[in-house]
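Observations on the model geometry
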Amino acid sequence: MRDWYLDRMTNTLITGANKGLGYETARRLIALGHTVYLGARDPERGQAAAERLGARFVQLDVTNDASVAAVAALLGEQPGGLDVLINNAGIAGTIGDPRAATAADVRAVYETNVFGIVRVTQAMLPLLERSQNPVIVNVASGLGSFGVVLDPNRMESRVPALAYCSSKSAVTMLTVQYAKGLPGMRINVVDPGYTATDLNHHSGPQTVEQGTDAIVRLATIGKDGPSGTFQDAAGTVPW
Ligand SMILES: NC(=O)c1ccc[n+]([C@@H]2O[C@H](COP(=O)([O-])OP(=O)(O)OC[C@H]3O[C@@H](n4cnc5c(N)ncnc54)[C@H](OP(=O)(O)O)[C@@H]3O)[C@@H](O)[C@H]2O)c1
């Protein structure tokens, strides 16, 4: 039985939140009253980012079992546990001619973008199951949408990125499977849109504020919110 005041607080963990979209998501959710655990693999950059925002730093490398288990143990000791998990950490991998993509290249991208989400989600589920309103947001990409990538009118149809695109497609199906298997939670997947961050050498036209609109919207849904959906700032994204 939790104390009533703990049920009025929202504890949120964001992976890869020392910069880019994860950092902006942390900033916005703190402004909305969330207690944010800012996950970062680098302690110095993570601690500095958390101090700037008023977040709580947790050292979290999504590719490392021990690191993820340590964060789950730490959060398990906090009053209020965990309500919202945002699986944001991601890497781009090599872009270009698919003939150059080796199994090792693809595995490295999947280790972060796909297995990282499974590793973190599985470790955090026992905590989320104790929340009054458990929510998971997975950050995929329009580059993982078959509908978007096969639409010649979309710029995503002209981006050759075998490892990254296929990893983000896996994230959408992971989301569907988690949502179907865990009907007591709201679990959705997001396309932030092409946003200026280090991931793309700041080539994206959107600001990080625009890029986090869908993440923040789905991180703040109530018990009556959707689950198993793929959304961007404008609404539904085709699978
Ligand atoms: N920017 C876009 O246009 C765009 C579009 C669609 C989807 N996305 C997705 O949005 C998410 C955030 O990307 P971003 O654009 O904000 O890129 P970013 O600025 O490069 O940030 C990526 C974050 O992920 C972290 N990270 C990478 N590997 C990690 C690991 N093994 N463990 C923990 N953290 C790790 C990075 O940490 P370090 O600083 O230590 O490297 C960094 O904090 C990604 O999933 C990306 O695929 C981005």
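Right above here is the structure, for reference.
This report concerns the structure included in the present document. Bear in mind that the values here come from a model prediction, so they are computed numbers and not experimental data. (Residues numbered from 1 in each chain as written. Predicted model: local features only at pLDDT ≥ 70, side-chain atom pairs only at ≥ 80, totals over all residues. Heavy atoms only, no water.)

Overview of the sheet that holds strand β2 (residues 35-40)
What counts, and what does not: At least two bridges found by DSSP between two strands is the condition for calling them paired. Going along the chain from the N terminus, every DSSP run of H or I of four or more residues is numbered as a helix, and every run of E of two or more is numbered as a strand. Note on definitions: a residue-residue contact is assigned when non-hydrogen atoms from the two residues lie within 4.5 Å. Note on definitions: angles span 0 to 180 degrees between N-to-C directions of axes, and those axes are lines fitted to C-alpha atoms, for helices only across the stretch in contact.
Pairing is mixed across the open sheet formed by eight strands, whose spatial order is β3-β2-β1-β4-β5-β6-β7-β8. Looking at which strands have only one partner, the edges of the open sheet turn out to be β3 (56-59) and β8 (235-236). Across four bridges, strand β1 (residues 11-14) lies against β2 in parallel orientation. What sits directly across from asparagine 11, in β2, is threonine 35. With respect to the sheet, helix α3 (residues 65-76) is in contact with β1, β2 and β3, its orientation differing from that of β3 by roughly 145 degrees. Relative to the sheet, helix α7 (residues 162-181) contacts β5 (135-139), β6 (186-190) and β7 (230-232), its axis offset from that of β6 by approximately 165 degrees.

Considerations on the environment of glutamate 24
Note that glutamate 24 resides in helix α1 (residues 20-31). Separated by 34 residues in the primary sequence, glutamate 24 and valine 58 have C-alpha atoms spaced 17 Å apart. Beyond its immediate sequence surroundings of up to four residues, glutamate 24 is in contact with Val208, Glu209 and Thr212.

Remarks on unusual backbone geometry
Heads up, the rule is: Burial status follows relative accessibility: with a 1.4 Å probe on protein chains alone, a residue under 20% of its type maximum counts as buried, one over 50% as exposed, and anything between as partly exposed.
The phi dihedral of histidine 201 is positive, around 55 degrees, even though this residue is not glycine. Tracing the backbone shows histidine 201 in the loop between β6 and α8 (208-211). In this structure histidine 201 comes out as exposed when scored by relative accessible area, which is 72%. At histidine 202, a residue that is not glycine, the phi angle is positive and equals roughly 60 degrees. Counting through the fold element by element, histidine 202 comes out in the loop between β6 and α8.

As far as function goes, none of this settles anything; it's purely spatial.
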